[in-house]
Amino acid sequence: MESSLNSEQNEVSVSGTPTSSVSSPYRRTYSDISGLSHRFDVQSFYNRPSNTNAVVLSGHEEDVSEDAVEPKDDVVNDGDGDEEDSDIDSAEDAELEMMRERFAKLLLGEDMSGSGKGVCTAVTVSNSITNLYATVFGQSLRLQPLSTEKKELWKREMNCFMSICDYIVEVIPRSLGTNVEITETKLRSDILMSLPALRKLDNMLMEILDSFTENEFWYVERGSSSMNSSGGGRDSGTFRKVVVQRKDEKWWLPVPCVPAEGLSEEERKNLRHKRDCASQIHKAALAINDSTLNDMDIPDSYLTTLPKSGKASVGDVIYKQLCTAEKFYPDQLLDILKITSEHEALELADKVEASLVTWRRKTGGLTHSKSSWDMMKDIGGDADRGNDKNHILAARARSLLFCLKQRYPELSQTSLDICKIQFNRDVGKAVLESYSRVLEGLAYNVVSWIDDVLYVDRTVRNRED
């Protein structure tokens, strides 16, 4: 009995905290449980009853005999109470494990070797938000509500990332009289303006997805037996399939189908309204993302790769249009270039942006970051620049880049944007940029999915006519 008592006491530290720990089975890979979403009392975790026979002594030691411990077979199960306690303990174990893992990755900068070669905190946060978006929405390929688990995961994790911004403040001096002056802190102005707007856009997108519960359309997988049959989906006598002709040939996306007579007028009206809302959300998120990227400093590594002249970046054809035209119309120039693919559009965006930076450097315009409103004012501000050729070229290059992004909203990030994100050290800007970027992508997907359904409906009605 003494050996048994000694073995049990060895599992108890001097402070009453168990020193032995059982490895948790909830090792995170792609878990729907976040460790940073709720407050967790570590002390209460350690002080709860252990699953082993260890005894926590408070104040003085007491003799523990084997007779004092009842066998498990004799314990009366009082119903669901024990199962609920076990679930709570399991959830707490998982919560604590998530907290440890997330905290470790943040400190290590995603360098699991611990050699100090990890990325900075801003890049870690940006990558985490991007990966969270891929986890939650990566398999969402149709107009339907998110599952409860994924919706809770998204809200829980994003609330965690947004809480970082609660501690990013700016100091403002305030005078209390002629000889007394104090300083106050408030949320940084860019966070104070953009973060509530992004939260609102996020909620609006979730409401749009949640509204697709009772639809007159449905989806079939490409290549499935329902696609190969004459009628597809719910009722072969009432519904028919129409394959969407996508320019990008995204064969992995499901195909929307509509009734043989097409959608009802009410359903069509609701879809158009939701599309307009998602389009406005996309534009708002894009504006916030552009504004945040414009506020980021241009890394020296990017500046060293620029040619000495902007003409060398854009080429003779575009430079001639930018230089010689009395009035510059960027839409006409894009029509002349006849861009046929997203790759060509992205290549053009990189060239125009490089020339824009070159011309701005020559005018001294890189000393201060510009807001999106200032950039919009510069689009038509050639007359205010006098005869300065570099100012005119920079303004026209900005207008061309703006129209290019408007015409190709699915355009990937330019080389300059990627470089800015990679070398950014501002955590607040990293949160705003990544949050607005993923919302921009989700809003664009919703618009595209609705367009697919409306295209199928239009094709069916044209056949009936």
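In this report, the structure presented in the accompanying data block is examined. As the structure is a computational prediction, the values presented were derived from the model and not from experiment. Numbering of residues starts from 1 in every chain and runs along the sequence as written. Confidence filtering applies because this is a predicted model: local features only for residues at pLDDT of at least 70, side-chain atom pairs given and counted only at 80 or more, and all residues used for totals across whole chains, interfaces and linings. By convention in this description, side-chain values take in all heavy atoms of the structure and omit both hydrogens and water.

### Some points on the nonpolar core
Where a protein is soluble and globular, its nonpolar side chains tend to be buried together.
Argument step 1. The term nonpolar core refers to a set of buried residues drawn from Ala, Val, Leu, Ile, Met, Phe, Trp, Tyr and Cys, joined through side-chain atoms within 4.5 Å. Buried residues are those whose accessible area, probed at 1.4 Å on protein chains only, stays under 20% of the maximum for their type, while exposed residues exceed 50% and partly exposed ones sit between those limits. Of all hydrophobic cores here, the largest spans 48 residues; its most connected members are Phe137, Leu143, Trp154, Phe217 and Tyr435.
Argument step 2. Helix and strand definitions here come from DSSP, where helices need a minimum of 4 consecutive H or I residues and strands a minimum of 2 consecutive E residues; each element is numbered from the N-terminal end. Counting residues per element, this core draws most heavily on helix H17 (residues 427-464), at 15 residues.
Argument step 3. Two residues form a contact once any of their heavy atoms are found within 4.5 Å. Other than its neighbours up to four places away in sequence, Trp154 contacts Leu132, Tyr133, Val136, Phe137, Asp202, Tyr435 and Val438.

### Quick notes on the pattern of salt bridges
Argument step 1. For this analysis, a salt bridge means a side-chain nitrogen from Lys or Arg found within 4 Å of a carboxyl oxygen belonging to Asp or Glu. The full count for this structure, using the stated rule, is 15 salt bridges.
Argument step 2. Linking Asp210 and Lys151 is a salt bridge whose minimum nitrogen-to-oxygen distance equals 3.0 Å. Linking Asp210 in helix H6 (residues 189-210) with Lys151 in helix H5 (residues 148-163), this pair joins segments that are 59 residues apart in sequence.
Argument step 3. The exposure class assigned to Asp210 is partly exposed, which follows from its relative accessible area of 29%.
Argument step 4. For the salt bridge of Arg407 with Asp331, the shortest nitrogen-to-oxygen distance reads 3.8 Å. Residue Arg407 is found in helix H15 (residues 389-407), and its partner Asp331 is found in helix H12 (residues 330-337); the two are separated by 76 residues along the sequence.
Argument step 5. One connected set of salt bridges, linked through shared partners, spans Glu265, Arg268, Asp457 and Arg461.

### A closer look at H12
Argument step 1. Listed as buried for H12 are Pro330, Leu333 and Leu334. Seen end-on, H12 carries its buried residues on one side only, within an arc spanning 100 degrees.
Argument step 2. Those residues of H12 that are buried are in contact with helix H11 (316-324), helix H13 (342-363) and H15.
Argument step 3. A positive backbone phi angle near 55 degrees is found at Lys338, which sits one or two residues after H12. Arc definition: directions from the helix axis to the C-beta atoms.

### Notes on the pairing of strand S1 (residues 169-175)
Argument step 1. When DSSP finds two or more bridges between two strands, those strands count as paired. Two elements, S1 and strand S2 (residues 181-187), share seven bridges in a ladder whose sense is antiparallel. Note on S2: the bridge partner recorded for Pro173 is Thr183.

### Brief notes about the packing of aromatic side chains
Argument step 1. For Phe, Tyr and Trp, rings pair up if their centres lie within 6.5 Å, where Trp contributes its six-membered ring, and each pair is then called stacked (planes under 30 degrees apart), edge-to-face (over 60) or tilted (otherwise). Overall, the coordinates contain five aromatic pairs when judged by the stated rule.
Argument step 2. Centre to centre, the rings of Tyr133 and Phe137 are 5.3 Å apart; their planes meet at 35 degrees, and the pair counts as tilted. Note that Tyr133 and Phe137 are positioned in helix H4 (residues 121-137) at a spacing of four residues, about one turn of the helix. For the pair Tyr133 and Phe137, one class covers both residues: buried.
Argument step 3. Aromatic pair Phe212 and Phe217: ring centres 6.3 Å apart, planes at 65 degrees, arrangement edge-to-face.

### Observations concerning the environment of Met296
Argument step 1. Relative to the assigned elements, Met296 resides in the loop between helix H8 (265-295) and helix H9 (300-303).
Argument step 2. Using a relative accessible area of 4% as the deciding quantity, one classes Met296 as buried.
Argument step 3. Residues Met296 and Arg425 lie 129 residues apart in sequence; the distance between their C-alpha atoms is 9.3 Å.
Argument step 4. Contacts of Met296, omitting those with residues within four sequence positions, involve Lys420, Ile421, Asn424, Lys429 and Glu433.

Functional significance is not addressed by these values, which are geometric in nature.
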